[in-house]
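The chain contents come next:
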Amino acid sequence: MRKIIGIGETILDIIFKNGRPTQAVPGGSTFNSMVSLGRLGLPVRFITEIGNDTVGNIILDFMRANGLSTENIDLFDDGYAQSPISLAFLNENNDARYAFYHNFPQKRLDFVWPIVEADDLVIFGSYFAVDPLLRDKIQEFISYAHEQKAIIYYDVNFRKSHAHEAMRIMPAFIENLEYADIVRGSAEDFEILLHENDPEKLYRRRIVFDTPNFIFTDGGNGVDVFCLDGHRHLDTPPIKTVSTIGAGDNFNAGILFALWHNNITREELPTLPIDRWEEVAKHGIAFASEVCQSFDNYISTSFAARYKETDH
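Residues numbered from 1 in each chain as written. Predicted model: local features only at pLDDT ≥ 70, side-chain atom pairs only at ≥ 80, totals over all residues. Heavy atoms only, no water.

Focus on helix α1 (residues 29-39)
- The element α1 is largely enclosed, with a buried count of 11 among its 11 residues.
- Every buried residue of α1 is listed here: S29, T30, F31, N32, S33, M34, V35, S36, L37, G38 and R39.
- Positioned one or two residues after α1, G41 has a phi angle of 80°, which is positive. (Buried < 20%, exposed > 50% of the residue type's maximum accessible area, 1.4 Å probe, protein only. Helix = DSSP H or I, 4+ residues; strand = E, 2+ residues; numbered from the N terminus.)

Structure below.
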């Protein structure tokens, strides 16, 4: 059966509002996407690293409860190494500012690779995908997935906290674009990395040389989708936002769900019409809108149940 495989960081997010902690939930950019897809009952595999400690056990139990296999995890137990934690401080607009705390072992991502087959969907991204300490392992796995003719989905997701490293990680960023069949990034991502947030310019001057399939997201300003067949702008619906944590991650989950559900193959991608890309992107918008209306990092189980019953 066709699979969805993610590789990325896993972290415990402690969310603060008005200076007080309101909730603690397992998170991580690709992790959030995979949990939502697991709640939809899709065949998902997740590659990550966590500590053999109390926080790690909380995360493992959560993964199992949400349909994520734990067989591709580097469970480290190395002296003072600990599972990572983030503090997410929500402002008056419910946008988050982060502080990260981690203590990793020297040897990292010592995991058992899942088998990747043609037309499997593989998602990777964020700083995890360009981190110099992990680059060899990431490149090795993504190269393998590319050779197996999987669909590679790259979520740029480069935060302000790493802006000072933009030049240092640029070769890895460019290489990720070269591997990708689909690139998704936000206005903020590209402003930080390339000092450009015009989607048309980004597509024509940078993205299209590596892949024809580009999705540009800009929060309440909407979504722009580019492919060889053209360009389409989609508005996002007005909603009462509780938290934007996980919005982009679940946009990705909606895109992957649509590709999987409609059995869109790697061979079809280069010539997929813009009308079909618009339909795919609408799933991303629906998932992101759902997540923005709660403190959770993923779609709710009730939303997942309703979505499974809907004819897409």
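Looking at the pattern of salt bridges
- Following the criterion strictly, the structure yields 16 salt bridges and no others.
- Notably, a salt bridge pairs R204 with E200, separated by 3.1 Å at the nearest N-O pair. With R204 and E200 both in helix α6 (residues 199-207), this residue pair falls 4 residues apart, about one helical turn.
- A salt bridge links R206 to D210; the nearest nitrogen and oxygen atoms lie 2.6 Å apart.
- Look at R206 and you get partly exposed, because its relative accessible area is 22%.
- Here the salt bridges share partners, and the residues they tie into one network are R232, D275, E278, E279 and K282. (Salt bridge = Lys/Arg side-chain N within 4 Å of Asp/Glu carboxyl O.)

Points about the packing of helix α3 (residues 135-147) against helix α4 (residues 166-179)
- It is at 11 Å that the axes of α3 and α4 come closest, and there the two elements cross at 15°. Put simply, α3 runs roughly parallel to α4. Judged by the twist between their axes, the crossing of α3 over α4 is left-handed. In contact with R135, Q139, I142, S143 and H146 of α3, α4 contributes A172, E175, N176 and Y179.
- Residue composition of the contact of α3 with α4, by class: 3 nonpolar, 4 polar and 2 charged. (Axes fitted to C-alpha atoms, helices over the stretch in contact; angles between N-to-C directions. Parallel < 35°, antiparallel > 145°, perpendicular 65-115°, else oblique. Left-handed = near helix turned anticlockwise from the far one by under 90°. Contact = heavy atoms within 4.5 Å. Nonpolar A, V, L, I, M, F, W, Y, C, P; charged D, E, K, R; others polar.)

Points about the nonpolar core
- In terms of nonpolar packing, the biggest core is built from 56 residues, with L37, L40 and W277 touching the most fellow members.
- Ignoring any residue separated from it by four or fewer positions in sequence, one finds W277 in contact with I182, N213, I215, V225, C227, L269 and L272. (Core = buried A, V, L, I, M, F, W, Y, C linked by side-chain atoms within 4.5 Å.)

Looking at the pairing of strand β10 (residues 182-186)
- A large share of β10 lies buried, amounting to 5 of its 5 residues.
- Relative to β10, strand β9 (residues 151-155) runs parallel, the two sharing 3 bridges. Following the sheet pairing, Y154 is matched in β10 by V183.
- Chirality of the crossover, the property in question, places the unit of β9, α4 and β10 among those that are right-handed.
- Pairing between β10 and strand β11 (residues 214-217): 4 bridges, direction parallel. Paired with V183 across the bridge in β11 is F214. (Pairing = 2+ DSSP bridges. Right-handed = clockwise from strand over helix to strand, strands pointing away.)

Re the packing of aromatic side chains
- Inspection of the entire model under this criterion finds 23 aromatic pairs.
- A ring pair is formed by Y203 and F226, whose centres lie 4.8 Å apart and whose planes are at 25°; its orientation type is stacked. Placement of the pair is Y203 in helix α6 and F226 in strand β12 (residues 223-227), with a sequence separation of 23 residues. Assigned by exposure class, Y203 and F226 land together as buried.
- Members of the aromatic cluster, connected to one another through ring pairs, are F190, Y203, F214, F216 and F226.
- Of note, R108 hangs over the ring of F104, and the distance from its end group to the ring centre comes to 3.8 Å. (Phe/Tyr/Trp six-rings, centres within 6.5 Å; stacked < 30°, edge-to-face > 60°. Lys NZ or Arg CZ within 6 Å of the ring centre and 35° of its normal.)

Regarding the side chain of T217
- In this structure, T217 sits in strand β11.
- T217 gets classed as buried once you look at its relative accessible area, which sits at 9%.
- Polar side-chain contacts of T217 include one of 2.7 Å to the side chain of R184. (Polar contact = N/O pair within 3.5 Å; in protein donor to acceptor, adjacent residues only side chain to side chain.)

Considering the sheet that holds β12
- Pairing within the open sheet is mixed, and its 9 strands lie in the order β5-β4-β1-β8-β9-β10-β11-β12-β13. One side of each edge strand has no neighbouring strand; the edge strands of this open sheet are β5 (73-76) and β13 (230-234). The average undirected angle you get between the axes of adjacent strands in this sheet is 15°.
- Both strand β8 (residues 121-125) and β9 contribute to a ladder of 5 bridges, which runs parallel. Bridge pairing in β9 links L121 to I151.
- Against the sheet, α1 makes contact with β1 (4-7), β4 (44-51) and β8, and its axis sits at roughly 135° relative to β4, the strand it touches most.
- Each of β1, β8, β9, β10, β11 and β12 touches helix α7 (residues 247-261); the most contacted strand, β9, lies at about 165° to it.

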